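Commentary on secondary and tertiary structure
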Amino acid sequence: MTTRISALVYDHPVLTDVDRSTWYVFALSGVLFVAFTVYLTLLYRSFWLTGADFGSYVHIFATTVGGDGFLQHGKYRLSHPSGSYWGAHFSLTLLAFLPLYALFPSPITLLVAKSFVVAASVPALWFVARGEVGDERLAALVTASYALNPFLWAAWLFDFQEQCLLPVLVFAAYHAYVNGARRRFLALLTLVLLTNEFMAFIVAGALAGLALTSYRAGRLRDEAPLFAAGAGLTGASYLLAGLVIDRFSRFGGIPHSSVADPLKPFVEGPRATVGDLFGVVLGNPALLVDLVTYDVFQKFAFFVLLLVPVLFLSANDEVAIGALAPFLGFAWVFAGRPIYYMFGAHYSFYLLPFVYVGAVRVLGRFRPIGAPRALVVRLFVVVLVLNVAGAASVGAEREVVPRTNEHTDTLSEAIERVPADETLLTQNNVYPHVAERPGATYVVRPDIFEQYQRAYGPIRPEYVLVDTRIETGPIDWSWQVREAFDGRLGTEYGVYRYEDGIWIFKRGYDGPTRAITTDERVRPPSLPPPDESRPERDDGGMIEADPPRLGFATVDGAATAGVSARAKPTLAATAAAAVATTATVLPTTATAIGNAPTATATAETAESTAGAVSAATTVTFTASRVYQ
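Residues numbered from 1 in each chain as written. Predicted model: local features only at pLDDT ≥ 70, side-chain atom pairs only at ≥ 80, totals over all residues. Heavy atoms only, no water.

1. Observations regarding the packing of helix α11 (residues 199-216) against helix α18 (residues 348-366)
Pairs of packed helices are described in terms of their axes, by the angle between the two and the distance that separates them. Worth spelling out the cut-off: Only the stretch in contact is used when fitting a helix axis, every axis being a line fitted to C-alpha atoms; angles between N-to-C directions are given from 0 to 180 degrees. Put simply, DSSP H or I for four residues or longer makes a helix, DSSP E for two residues or longer makes a strand, and each gets a number counted from the N terminus. Roughly parallel refers to an angle under 35 degrees, roughly antiparallel to one over 145, roughly perpendicular to one between 65 and 115, and oblique to any angle outside these ranges. In this analysis, two residues are considered to be in contact whenever any of their non-hydrogen atoms come within 4.5 Å of each other. Residues are sorted three ways: Asp, Glu, Lys and Arg are charged, Ala, Val, Leu, Ile, Met, Phe, Trp, Tyr, Cys and Pro are nonpolar, and all the rest, Gly among them, are polar.
Remark: α11 packs on α18, axes separated minimally by 11 Å, with the N-to-C direction vectors making an angle of 10 degrees. Considering their axes alone, α11 and α18 lie roughly parallel with respect to each other. Packed against α11, whose contacting residues are M199, I202, A206, L210 and T213, the element α18 presents Y350, L351, F354 and R361 at the interface. A class-by-class count of the residues in the contact of α11 with α18 yields seven nonpolar, one polar and one charged.

Next up, the structure:
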């Protein structure tokens, strides 16, 4: 066996030519892959992952592979009662996961696949950075900064989405571009565009930045056909996405709940297109001031925090600026949820690849040497140390420790008590565990559920399952189901089984209530009524309005950041420090890269950067889920 392995290695020069630094990068990628796969799996088994978005994707693949529908996501959406994911978003690359799920039909398959493609983006950036920067140590530090970036970790731990493909595809596409592989570049660019319809705007901005760089370098005449082809693909992909979404939905656009508050009075109906919103702003110019200044400190602070791990280098690159501009335009002007302009949930997957491509382009353009290089190296080291330290400290404070206990065992038994071929409606954090069933659905927004029933008739699943005592973060996810079925649970739906705060209701049932783990007859307590403002747990304790873990939230539909009371002072102080440090870090770094003889500000700059990175890590890892 040893002889065969040796022969395999030495007969393939591509393996023997891999240098030690590259092997280190592969090792880091492998460690992250294993760590995140294990952690995500434990989060799933202990009911931390939710229906939005993990359970929905499990349902998408299970129903498609099982022949029970095409990309059914299990949500109640007014715009597409057919239930197909393509009625909300168009993603062709999502189908790449189907064969893998068909071979290994398990929710864990998706977690492994996500961790693999995100981990693969680390060596992908390494190859781009080493070729562009020309300095192996700086390239390694940029790669490590990306691998340990708190925004990347937050997106990595946020359930499953096809956007996890974007980093590796963008890095590979840029690598093809700089190496003159035009066909490969266009092929990879097409995959980027077919991952999500919004990528058309981001790619258009990035291509404009590349074209501007090409013009300044005197290459535009030669590369014009390439950019023309890229622009054509961008337009075609957006048109295709519109046609597909129209085919699977009754109407499209941005949900009313996601529109900025100043625009909501002008939006009629449940959704509005970007064109409609542009028209509103053009017809009411005074609105623009309100839109831009709404929560302006948070918007600016998080933009600063996004750029801190790359020492603001991306702010000097045309490609990064071009890619960021359309996203920030939407997030800062039209969007009404902090999750967008705080780059929470999976939204950092859209931007981080371009942020790091911009950073390596700037480093490659100026190539610092001597004292300036030493300063940049020290700053990146500070970034790396604080990324890890901040993530560890905040993770410990939030107590996001996946664990199973007697209660979770009882909940698993409750799931088994519901026949797999019956229709079942449950809560957000239970749904991933029943999502493989074709008749399983869930409620995460009672208001949308009510709108859906008014439009298409009442929803009458055979079973309703709620758990009022499960401890997976401060949000009691059962309250959405209790709110949606207020007045129906206990009347139209009788208590079929009950144990330890876990309720199984059955439509039309009027027999005796039995325990879940045994067939013993029990007398269940009264089901706690839903509380619209601050949902209560089954024990009467009030839950916090702060997040259960990663991402950002609007609590009870309000367009406010879901940050806990104890975190708000820290947020204000650290974010202020991060904004203040812009004036110190940015000019100092720019001077260093420009090869000016300066290294005297190293200590002060490193200290300022430390505060900013700590803020980025703290705020990112104390944020919560958005109510989908």
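2. Topic: the confidence of the model for the protein chain
As a reminder, the rule being used: Think of pLDDT as the predictor's per-residue confidence, scored from 0 to 100.
Considering every residue of the protein chain, the mean pLDDT works out to 82; 80% of them sit at 70 or more. pLDDT under 50 marks residues 5-10. Its contacts with residues more than four places away, or in other chains, come to four contacts. Within the model, pLDDT remains below 50 along residues 532-628, and this stretch shows 250 contacts once partners closer than five positions in the same chain are excluded.

3. Quick notes on the nonpolar core
Note the following rule: Residues belong to a common nonpolar core when they are buried Ala, Val, Leu, Ile, Met, Phe, Trp, Tyr or Cys residues joined through side-chain atoms within 4.5 Å. Three labels apply to residues, based on accessible area from a 1.4 Å probe with only protein chains included: buried if under 20% of the type maximum, exposed if over 50%, partly exposed otherwise in between.
F61, F185, I202, L263, F327, Y350 and Y356 are the most contacted members of the largest nonpolar core, which totals 165 residues. Per element, the largest residue contribution to this core is 14 residues, and it comes from helix α6 (residues 107-133). With near-sequence residues (within four places) excluded, F185 lies in contact with A173, A176, Y177, L207, L210 and L226. Y76, V481, F485 and W503 belong to the second largest nonpolar core, which has 17 residues in total.

4. Considering the sheet that holds strand β6 (residues 493-499)
Counted only if it meets this: Two strands form a pair only when DSSP identifies at least two bridges running between them.
Taken in spatial order, the five strands make up an open sheet running β4-β3-β5-β7-β6, and their pairing is mixed. With partners counted over all chains shown, the strands left at the sheet margins are β4 (440-442) and β6, one partner each. Averaged over neighbouring strand pairs, the angle between their axes works out to 25 degrees when direction is ignored. Bridge analysis of strand β3 (residues 424-426) against strand β5 (residues 463-467) gives three bridges, and the strand direction is parallel. Along β5, the bridge assignment pairs L425 with V464.

5. Describing helix α3 (residues 20-45)
Here is the rule we go by: What a helix should span is 1.5 Å times the count of its residues minus one. Think of a polar contact as two N or O atoms within 3.5 Å of one another; within protein, one of them needs to be a possible hydrogen donor and the other a possible acceptor, and neighboring residues in sequence only count if both atoms come from side chains.
Helix length check: α3 (26 residues) gives 37 Å between terminal C-alpha atoms against 38 Å at 1.5 Å per residue, within 8%. Turning to α3, its buried residues number three or more, namely T22, V25, S29, L32, F36, T37, L40, T41, L43 and Y44. Looking at where α3 begins, the residue whose side-chain oxygen comes 3.1 Å from the main-chain nitrogen of S21 is D19. Positive backbone phi, approximately 70 degrees, marks F47, located one or two places after α3.

6. Re the packing of aromatic side chains
A ring pair, where both rings are aromatic, is described by two values, the distance of the centres and the angle of the planes. In plain terms, the rule: Each aromatic pair joins two rings of Phe, Tyr and Trp (for Trp, the six-membered one) with centres within 6.5 Å, and gets the label stacked for planes under 30 degrees apart, edge-to-face for over 60, and tilted for any other angle. Placement of a charge over a ring requires the Lys NZ or Arg CZ to be within 6 Å of the ring centre, with the centre-to-atom vector within 35 degrees of the ring normal.
Tallied over the entire structure, the rule returns 44 aromatic pairs. Taking 5.7 Å as the distance between ring centres and 75 degrees as the angle between the ring planes, the aromatic pair formed by Y44 and F54 counts as edge-to-face. Of this pair, Y44 sits in helix α3 while F54 sits in helix α4 (residues 51-65), placing them 10 residues apart in sequence. An identical accessibility class is assigned to Y44 and F54; each is buried. Centroid distance F198 to F327: 6.0 Å. Interplanar angle 75 degrees. Geometry classified as edge-to-face. In this pair, F198 is assigned in the loop between α10 (182-193) and α11 and F327 in helix α16 (residues 318-334), connecting sequence segments 129 residues apart. Ring-pair connections join several aromatic residues into one group, and the members of that group are F151, F198, F201, Y238, F327, F330, Y340, F343, Y347 and Y350. Residue placement shows R247 over the ring face of F248; its charged tip is 5.3 Å from the ring centre.

7. Quick look at the pattern of salt bridges
Threshold: The salt bridge definition used is simple: a Lys or Arg side-chain nitrogen within 4 Å of an Asp or Glu carboxyl oxygen.
Following the criterion strictly, the structure yields 21 salt bridges and no others. Taken together, the shared-partner salt bridges connect R216, D317, E318, R361 and R365 into one network.

8. A closer look at a nonpolar patch on the surface
Quick reminder of the rule: Only residues whose relative accessible area exceeds 30% and that form no salt bridge enter a patch; like-charged residues are grouped when within 9 Å of one another, and nonpolar side chains (Val, Leu, Ile, Met, Phe, Trp, Tyr) when within 5 Å. Each accessible area is a Shrake-Rupley estimate made with a 1.4 Å probe; only the visible protein chains count as cover when residues are assessed.
The grouping of W23, F26 and F127 at the surface amounts to a nonpolar patch, some 290 Å² of accessible area in total. Here W23 lies in helix α3.

9. Regarding α6
The end-to-end C-alpha distance of α6, which contains 27 residues, comes to 40 Å, matching closely the 39 Å that a straight helix rising 1.5 Å per residue would cover. Judged by how many residues are buried, α6 sits mostly within the fold: 21 of 27 residues are covered. Trailing α6 by a residue or two, G134 shows a phi angle of about 75 degrees, which is positive.

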